[in-house]
Amino acid sequence: MEKARDLPGGEPVLRARGIDKSFGAVRVLESVDFEVRPGEVVALIGDNGAGKSTLINVLTGVLRPDSGEIFFEEKRVRFATPHEARERGIETVYQDLAVAPQLDAVSNIFLGREHRRAGILGRLGFLDGGRMRRETEDQLTDLRVRLSSLEKPLSTLSGGQRQGVAVARAVMWASKVVIMDEPTAALGVAQVEMVLDLIRRVRDTGIPVVFISHNMPHVFEVADRISVLRLGEMVAELDPATATTDDAVAAMTGSASGNGEAA
Amino acid sequence: MSETPSQEGNGGGGIRGVLTGLGPALIFGILVGLVVVFTIINGTAFFNPENFVNITVDASVLLLLAVGMTFVIITAGIDLSVGAVLVLSSVVAAQVMVALSGTEQQVQNYQFPTQGIGIPAGIAAGLLAGLLCGLGNGFLITRLRMPPFIVTLGTLGIALGTAQILSGGTNVPYVPTAIQSQIGERDLFGFLPVPVLITLLVVIVAWLALHRTSFGRYTFAIGSNVDAARRAGINVDRHLLKVYALSGFLSGLAGIVDLARFNTASVSAHDADNLAAISAVVIGGTSLFGGIGTIVGSVVGTFIPAVLRNGFVIQGVQAFWQQVAIGAVLILAVFIDQRRRSAEERM
Ligand SMILES: Nc1ncnc2c1ncn2[C@@H]1O[C@H](COP(=O)(O)OP(=O)(O)OP(=O)(O)O)[C@@H](O)[C@H]1O
Ligand SMILES: [Mg+2]
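Now for a quick tour of the structure.

Scoring rules and cut-offs
Numbering of residues starts from 1 in each chain and follows the order in which that chain's sequence is written. Labels follow written order: the first chain is A, the first ligand is 1, and so on. For this predicted model, a pLDDT threshold of at least 70 governs which residues receive local features, and a threshold of 80 or more governs which side-chain atom pairs are given and counted, while totals over whole chains, interfaces and linings are taken from all residues. In computing side-chain values, all of the structure's heavy atoms are included and hydrogens and water are not. For the purposes of this entry, the term helix denotes a DSSP run of H or I that reaches at least four residues, the term strand denotes a run of E that reaches at least two, and both are numbered from the N terminus. We take the radius of gyration over the C-alpha atoms and set the globule estimate at 2.2 Å times the residue count to the 0.38 power. Classification of residues uses two cut-offs on accessible area relative to the type maximum, computed with a 1.4 Å probe and protein chains only: under 20% is buried, over 50% is exposed, and between them is partly exposed. Any two residues whose heavy atoms approach within 4.5 Å at even a single point are treated as in contact. Note that His is not counted, nor are the chain ends; the positive residues are Lys and Arg, and the negative ones are Asp and Glu. Where a charge lies is defined by one atom per residue type, namely NZ (Lys), CZ (Arg), CG (Asp) and CD (Glu). We get accessible surface area from the Shrake-Rupley algorithm with a probe of 1.4 Å; when it comes to residues, only the shown protein chains can shield them. Being near a molecule or strand, for a residue, means having at least one of its heavy atoms within 4 Å of it. Polar contact is defined as a pair of N or O atoms within 3.5 Å, subject to the rule that within protein one atom must be able to donate a hydrogen and the other to accept it, and that residues adjacent in sequence are counted only when both atoms are side-chain atoms. Three categories are distinguished: nonpolar for Ala, Val, Leu, Ile, Met, Phe, Trp, Tyr, Cys and Pro, charged for Asp, Glu, Lys and Arg, and polar for the others, with Gly belonging to the last. Two parts placed together each lose some accessible area; with a 1.4 Å probe, that loss summed over both constitutes the buried area. Criterion for a salt bridge: a side-chain nitrogen of Lys or Arg within 4 Å of a carboxyl oxygen of Asp or Glu. A residue counts toward a patch only above 30% relative accessible area and without a salt bridge, and it is joined to like-charged neighbours within 9 Å or, for Val, Leu, Ile, Met, Phe, Trp and Tyr, to nonpolar neighbours within 5 Å. The rule for donors is simple: N, O or S, within 2.8 Å of the metal, or within 3.2 Å if the metal is Na, K or Ca. Water isn't counted, so a site may look like it is missing partners. Here the nonpolar core consists of buried residues drawn from Ala, Val, Leu, Ile, Met, Phe, Trp, Tyr and Cys, with membership extended through side-chain atoms lying within 4.5 Å. Where helices are involved, their axes are fitted lines through C-alpha atoms of the stretch in contact, as for all axes, and angles between N-to-C directions lie from 0 to 180°. To sort the angles, those under 35 degrees are grouped as roughly parallel, those over 145 as roughly antiparallel, those from 65 to 115 as roughly perpendicular, and the leftovers as oblique. Should the near helix be turned counterclockwise from the far one by less than a right angle, the crossing is left-handed, whereas a clockwise turn marks it as right-handed. Aromatic pairing here means that ring centres of Phe, Tyr or Trp (its six-membered ring) are within 6.5 Å. Orientation follows from the plane angle: under 30 degrees is stacked, over 60 is edge-to-face, and everything else is tilted. Pairing between strands is defined by DSSP: at least two bridges between the two strands are required.

### Topic: the overall build of chain B
Working step 1: Tallying secondary structure elements over chain B gives 14 helices and two strands in all.
Working step 2: Here the C-alpha radius of gyration of chain B, 21 Å, is about what a compact globule of 347 residues would show, namely 20 Å.
Working step 3: With respect to the principal axes defined by its C-alpha atoms, chain B has extents near 80 × 55 × 35 Å.
Working step 4: By the burial criterion, 53% of the 347 residues in chain B qualify as buried.
Working step 5: The contacts of chain B with a sequence gap of at least 6 include a subset with a gap of at least 24, amounting to 78%.
Working step 6: For chain B, the distance from the average site of its 16 positive side-chain charges to the average site of its 16 negative ones is 11 Å.

In structure tokens, the structure reads:
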């Protein structure tokens, strides 16, 4: 863990500066700064409604910020669609998972990136199901991810198993950044360990991970850095090596400053 | 939405699996049961190859509509305009054929000196009319973000009204008879009617497209979770445009087949075709909620009414009973679909 934190951070892979976002009259993000450096796990924490998912949506092209700038590898970017972010190597496990429940795991993992058959059949759009299946199996083995069934529609799997598919999909395709919005919310103990372990291994390959969670033990277990959002503002940055859970909770709820602005 | 923590392991899979699998098997069982029952009652009057070919010919027009409808409903859409587009296409095709196959004098004497041009041109015009209607539906649904139900209801009125304006509200007369003798009532190799061949080819191509290509995969994905499809980079609007265009085109093709079978463009015989096609698709196990469906199911769902009608006619039972039976089967199919969906949502 120490080692990872001491890595020469280098320039941020993904950086947001002065992000504002309102829904109608409701100000959800207020001049938020956020950055993700190579080889780190940065946890993003905050109470329900603090704006975590909104920030992720802004970063990945789901939502357009009202103002503010986003830089990817030092260059200003404006992702118009989530697909543009994915094409740059930024993969996201959305809080709502964004899976197609009637499709199976392989179809979901390859959705929008299907392998087609060689030759004329491929040009007609014929899919190479065998190859997609094999690659999925290989990659999942490499990642040490176990999915119960690759062939059943996700709607017939449990919530945790579906989450596993969404996590596997993100990790399989990410080349620059992985963002996970509460990836452990529906998981049992063993699966949580699997995901946390996966996060560490992804980080160790140099790909940074943004990890959103309400579970402080999980956060402290994997994070190299903790950013705290409260009511749409970035209020604190904590070092998990020195900070305590109480510090994190205080920052999230605002009780430390005691200024009562949480109303 | 999916934040509900799940307490269950994978125990629910079995029940849901059975429920999901029950639909197609049950419906196929009903079709087989009907064939068995009518065979027992009517013997070879029902169970003979010639009669089966008749049933298939009778079902072919509806089957073309049902194939297009299958794609539409899998995207969680609906196309109410198919019957009206069929009528418009066949009127356009018939009028172009009549106009280009000879002078007014000649065609009224059933002489069609230039039908070599007139018939192909008419077929092309009819298909084009269908395609344009479908593109119009797709355009309004995707660009103006209007609900498919309303858009296609509007198109229904526009297409049917236009067909009646063009034809003066009556069946189009003096259509070259060659279209009937060469297409509508022609048997290839002595046993394969051309309408059946056309429908068979369409069914095979549609099966491949739906179950083996990225086109089909995107169709399912959009119906299953349109946001997930968008986030995966699928161009949802363009795909929906294609799906509605396909439905329109197949309605046009159905119009041509209908014209070829009856040698006239009938403006009043297809008022209930849209509901018949939707029933067939839903009976065949395609989910009105989107994301689930098969071509084979829609074929079976089209044949159940066709077999019922045929069996009742042979037996001398009033054909109205067929409507009653179909209504009951439809309600059963939707019931199964809802059970399946609510089982999924309990996750
Ligand atoms: N599409 C939207 N329209 C209107 N308001 C929205 C929308 N999305 C989010 N909000 C509001 O923005 C605020 C922040 O929501 P967000 O989902 O970002 O919170 P969060 O920190 O992810 O919370 P949680 O921990 O519950 O997931 C909330 O008050 C929410 O009601
Ligand atoms: Mg959230």
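### Section: the overall build of chain A
Working step 1: On a plain count of helices and strands, chain A comes out with 10 helices and 10 strands.
Working step 2: For 263 residues, the compact-globule formula gives about 18 Å, and the C-alpha radius of gyration of chain A, at 19 Å, lands near that figure.
Working step 3: In terms of principal-axis extent, the alpha carbons of chain A reach across some 65 × 40 × 40 Å.
Working step 4: Considering only intrachain contacts with a sequence separation of at least 6, the fraction spanning at least 24 residues in chain A is 65%.
Working step 5: Accessible area of chain A: about 11,300 Å², with a carbon and sulfur share of 49%.

### What about the site of ligand 1?
All names here are of chain A.
Working step 1: The immediate surroundings of ligand 1 are formed by 13 residues, with N48, K52, S53, T54 and H214 found nearest.
Working step 2: Between ligand 1 and Q95, the relevant distance is 2.9 Å, taken from an oxygen atom to a side-chain nitrogen or oxygen of the residue.
Working step 3: A distance of 2.7 Å separates an oxygen atom of ligand 1 from a polar side-chain atom of H214.
Working step 4: Protein contacts shield 60% of the accessible area of ligand 1, which totals 640 Å² for the unbound molecule.
Working step 5: Among the elements that line the shell around ligand 1, the one with the most residues is helix α2 (residues 52-59), at three residues.
Working step 6: Grouping the constituent residues of the shell around ligand 1 by class yields three nonpolar, seven polar and three charged.

### Brief notes about the interface of chain B and chain A
Working step 1: The interface is formed by 30 residues belonging to chain B together with 33 residues belonging to chain A.
Working step 2: Summing the contributions of chain B and of chain A, the shared interface buries around 2,700 Å²; its carbon and sulfur component is 55%.
Working step 3: Where chain B meets chain A, there are one salt bridge.
Working step 4: R231(B) serves as the salt-bridge partner of D96(A), at 3.6 Å between the closest nitrogen and oxygen.

### Looking at a nonpolar patch on the surface
Residues and elements named next belong to chain B.
Working step 1: A cluster of nonpolar residues, F28, V32, V36, V37, I40 and I41, forms a patch on the protein surface that exposes about 550 Å² of accessible area.
Working step 2: Tracing the chain through its elements places V37 in helix α1 (residues 12-42).
Working step 3: Looking at V37, the relative accessible area reads 42%, which means it is partly exposed.

### Structural notes on the pattern of salt bridges
All names here are of chain A.
Working step 1: A full pass over the atoms with the stated rule returns 23 salt bridges over all chains.
Working step 2: Here K21 makes a salt bridge to D66, at a shortest N to O gap of 3.9 Å. Of this pair, K21 sits in strand β1 (residues 14-23) while D66 is found in the loop between α2 and β4 (67-72), placing the two residues 45 residues apart along the sequence.
Working step 3: Judged by relative accessible area, which is 10%, K21 ranks as buried.
Working step 4: With relative accessibility at 46%, the residue D66 sits in the partly exposed group.
Working step 5: In this structure, the salt-bridge partner of E237 is R225, at a minimum N-O distance of 3.0 Å.

### Notes on the coordination of the magnesium ion (ligand 2)
Working step 1: Around the magnesium ion (ligand 2), the protein contributes the donor atoms S53(A) (OG) and Q95(A) (OE1), which lie 2.0 to 2.1 Å from the metal centre. With a gap of 42 residues between them, S53(A) in helix α2 and Q95(A) in the loop between β6 (90-93) and α4 (105-109) connect regions that are remote in the sequence.

### A few points about the nonpolar core
Working step 1: V67(B), F71(B), V175(B), I234(B), L259(B), I295(B) and I304(B) are the most contacted members of the largest nonpolar core, which totals 95 residues.
Working step 2: Of the residues forming this core, the biggest block, 14 residues, is contributed by helix α2 (residues 49-74) of chain B.
Working step 3: If near-sequence neighbours (up to four positions away) are discounted, I234(B) is found in contact with L111(A), G112(A), Y218(B), A221(B), I222(B) and A229(B).
Working step 4: Formed by 52 residues, the second largest nonpolar core is a distinct cluster that contains A43(A), A170(A), V171(A) and V222(A).

### Examining the packing of helix α3 (residues 82-100) of chain B against helix α6 (residues 148-167) of chain B
Residues and elements named next belong to chain B.
Working step 1: Direction vectors running N to C along α3 and α6 enclose 25°, while the axes themselves pass 8 Å from each other. With respect to their mutual orientation, α3 and α6 come out roughly parallel. In this structure, α3 meets α6 at a crossing whose hand is left-handed. Within the contact between the two elements, α3 uses A84, V85, V87, L88, V91, V92 and Q95 and α6 uses T155, L156, A159, L160, T162, A163, L166 and S167.

### Some words on the side chain of D181(A)
Residue and element names in this part refer to chain A.
Working step 1: Within the element layout of this structure, D181 appears in strand β7 (residues 177-181).
Working step 2: One polar contact links D181 to S53, side chain to side chain, over a distance of 2.6 Å.
Working step 3: Not counting the four nearest positions on each side in its chain, D181 is found in contact with S53, V93, Y94, Q95 and I212.

### Here's the deal with the packing of aromatic side chains
All names here are of chain B.
Working step 1: Tallied over the full model, the rule gives nine aromatic pairs over all chains.
Working step 2: On the numbers, 5.2 Å between centres and 80° between planes, the contact of F47 with F52 is edge-to-face.
Working step 3: Note on F52: relative accessible area 30%, which makes it partly exposed.
Working step 4: Through a chain of ring-to-ring contacts, three or more aromatic side chains come together here, namely F38, F46, F47, F52 and F312.

### A look at the sheet that holds strand β2 (residues 26-36) of chain A
Hydrogen bonding along the main chain pairs the strands of a sheet, whether they run parallel or antiparallel.
All names here are of chain A.
Working step 1: The antiparallel open sheet is built from four strands, whose spatial order is β2-β1-β4-β5. On the outer flanks of this sheet lie β2 and β5 (75-77), each paired with one strand and no other. On average, each strand axis in the sheet is tilted by 30° relative to the strand beside it, whichever way the strands run.
Working step 2: Where β1 lies against β4, five bridges are found, and the strand directions are antiparallel. Bridged to L14 within β4 is F72.
Working step 3: Where α2 meets the sheet, its contacts fall on β1, β2 and β4, and the angle it forms with β2 comes to roughly 65°.

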